[in-house]
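Listed here are the chains, written in short residue letters.
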Amino acid sequence: MMIHLEQVLDAAAVTRCRELLAASRWCDGRMTAGLQSARVKNNEQLGEDERHLPALRGEILRALQRHATFVAAAIPRRIYPPLFNRYGGRTNAFGNHVDNAIRNLPDGSAAIRTDVSCTVFLSRPDEYDGGELVIEDTFGSKVVKLPAGDAVLYPSGSLHRVQPVTRGARLASFFWVESRIGEDERRRLLFELDVAIVGLQPAAGSSATPQVHEAILKLTGVYHNLLRQWAQA
Ligand code: NI
């Protein structure tokens, strides 16, 4: 399941991130790549020792916690501390790869399973040419280039790439989520049920019949009981 998350960061948060990124030092992006992806990865990233990294990570993590669609779609158990990358000039592309299944957290405290990958766009689409995120899924390939502040969630197991940036620079944050629901299909079903229940709320106003209230209550029960069966606490 691929989901477009609108306005994860508002305009002010994008500006704060951009100012911090402008004052940061970029390093070779291959430092976090596995063997296969290092061969096709050609971009820049912030290093773990970058002094602005904690503030940047805070911006993204706080925004994610407030974003109801992110929480409903990813059902996060653990989130890898967000990373930041830049595509432009001679370091401008990332060929086809699948994200590593297991990632050690930067502080070495644990490893997480990568179920969902997320890219938060920090450059406006008119600031650069190319740079599309292309995700191959069971229905063919999806081409993603979003407004600054928007994000995309997609299964970490999907083949994906970033097209060469031929003008300007593409700044983004990216990270992985270990979901409480490891299986993509189950996570999708729960998300669709969640969206349907939320969509029924307007029908549950003061004039609603008891039958409507009872039906919504039952659907909500089904959601939580499926979550109880499938979730890793
Ligand atoms: Ni990737």
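These remarks concern the structure in this document. (Residues numbered from 1 in each chain as written. Predicted model: local features only at pLDDT ≥ 70, side-chain atom pairs only at ≥ 80, totals over all residues. Heavy atoms only, no water.)

What about the coordination of the nickel ion?
As a reminder, the rule being used: Here a donor is any nitrogen, oxygen or sulfur atom (N, O, S) within 2.8 Å of the metal, with 3.2 Å used for Na, K and Ca; water is not among the atoms considered, so some sites may look incomplete. Put simply, DSSP marks the helices as runs of H or I at least four residues long and the strands as runs of E at least two long, and each gets a number from the N terminus on. Each residue gets one of three labels from its accessible area relative to the maximum for its type: buried under 20%, exposed over 50%, partly exposed in between, using a 1.4 Å probe on protein chains only.
Protein ligation of the nickel ion involves His 97 (NE2), Asp 99 (OD) and His 160 (NE2), the donor distances falling in the range 2.1 Å. Counting residues between consecutive donors of the nickel ion along the chain gives the motif H-x1-D-x60-H. On the criterion of sequence distance, the pair formed by His 97 in strand E7 (residues 93–97) and His 160 in strand E15 (residues 160–162) is long-range, its members being 63 residues apart. The same class applies to His 97 and to His 160, which are both buried.

Comments concerning helix H5 (residues 184–200)
Put simply, the rule is: The span you would expect from a helix comes to 1.5 Å times its residue count less one. This arc is taken over the directions from the axis of the helix to the C-beta atoms. What makes two residues a contact is simply this: any of their non-hydrogen atoms within 4.5 Å.
A rise of 1.5 Å per residue sets the reference length of H5, with its 17 residues, at 24 Å; its end C-alpha atoms lie 25 Å apart and thus fit the reference within 8%. What H5 keeps buried is the set Arg 187, Leu 190, Phe 191, Leu 193, Asp 194 and Ile 197. End-on, the buried residues of H5 take up no more than an arc of 165 degrees, which puts them together on one face. The secondary structure elements touched by the buried residues of H5 are strand E1 (3–5), helix H4 (68–74), strand E10 (116–121), strand E16 (165–179) and helix H6 (210–230).

A look at the sheet that holds E7
Backbone-to-backbone hydrogen bonds pair the strands of a sheet. The strands run either parallel or antiparallel. Note the threshold: We call two strands paired when DSSP finds no fewer than two bridges between them.
The five strands are arranged E3-E7-E15-E12-E13 in an open sheet whose pairing can be described as antiparallel. The strands lining the two open edges of the sheet, one partner per strand, are strand E3 (41–42) and strand E13 (140–144). Across five bridges, strand E12 (residues 133–137) lies against E13 in antiparallel orientation. Directly across from Val 134, in E13, lies its bridge partner Val 143.

What to know about empty space enclosed by the protein
Our working definition: Any residue with an atom within 4 Å of a point lines the site, the site being either a cavity, points on a 1 Å grid over the protein atoms alone where a 1.4 Å probe fits but cannot get out, or a pocket, an open set with protein on both sides within 12 Å along at least 5 of 7 lines. Grid points are joined across faces, edges and corners, and a volume is the space filled by probe spheres set on the points.
Applying the stated rule across the entire model yields two cavities of 30 Å³ or more. Taken together, 25 residues line the largest cavity, and the ones lying closest to its centre are Phe 94, His 97, Asp 99, His 160 and Phe 174. Sorting the residues of the lining of the largest cavity by element identifies strand E6 (83–88), E7, E10, E15 and E16 as the ones contributing at least two each. No other element matches the four residues that E16 contributes to the lining of the largest cavity. Taken as a whole, the second largest cavity holds about 60 Å³ of empty space. Lining the second largest cavity, in full, are Met 1, Ile 3, Ala 73, Ala 74, Asp 115, Val 116, Leu 153, Tyr 154, Pro 155, Asp 184 and Arg 187.

Comments concerning the side chain of Asn 92
Condition: Counting of polar contacts relies on pairs of N or O atoms within 3.5 Å, with two restrictions inside protein: one atom must be capable of donating a hydrogen and the other of accepting it, and residues adjacent in sequence are counted only when both atoms are side-chain atoms.
Its location among the elements puts Asn 92 in the loop between E6 and E7. Side-chain polar atoms of Asn 92 contact the backbone oxygen of Gly 89, separated by 3.5 Å. Here Asn 92 is in contact with Asn 42, Tyr 87, Gln 163, Pro 164 and Val 165, once residues within four sequence places are set aside.

Quick notes on the pattern of salt bridges
In plain terms, the rule: Here, a salt bridge means any Lys or Arg side-chain nitrogen found within 4 Å of an Asp or Glu carboxyl oxygen.
Tallied over the full model, the rule gives 17 salt bridges. Between Glu 44 and Arg 86 there is a salt bridge, with its nearest N and O atoms 3.1 Å apart. Pair noted here: Glu 44 is in strand E4 (residues 44–46) and Arg 86 is in strand E6, with a separation of 42 residues, a long-range link. Classification of Arg 86 as partly exposed rests on a relative accessible area of 26%. One salt bridge in this structure joins Arg 188 and Glu 192, with 2.8 Å as the shortest N-O distance.

Some words on helix H1 (residues 11–22)
Taking 1.5 Å of rise per residue, 12 residues should cover 16 Å, and H1 covers 16 Å from first to last C-alpha, within 8% of that figure. Buried within H1 are the following residues: Ala 13, Val 14, Cys 17, Leu 20 and Leu 21. Take H1 and look down its axis: the buried residues cluster within an arc of 130 degrees, on one side only. Residues of H1 that are exposed and point over 90 degrees away from its buried face: Ala 11, Glu 19 and Ala 22. Tucked inside the fold, the buried residues of H1 contact strand E2 (26–28), E4, helix H3 (53–66), E6 and E16.

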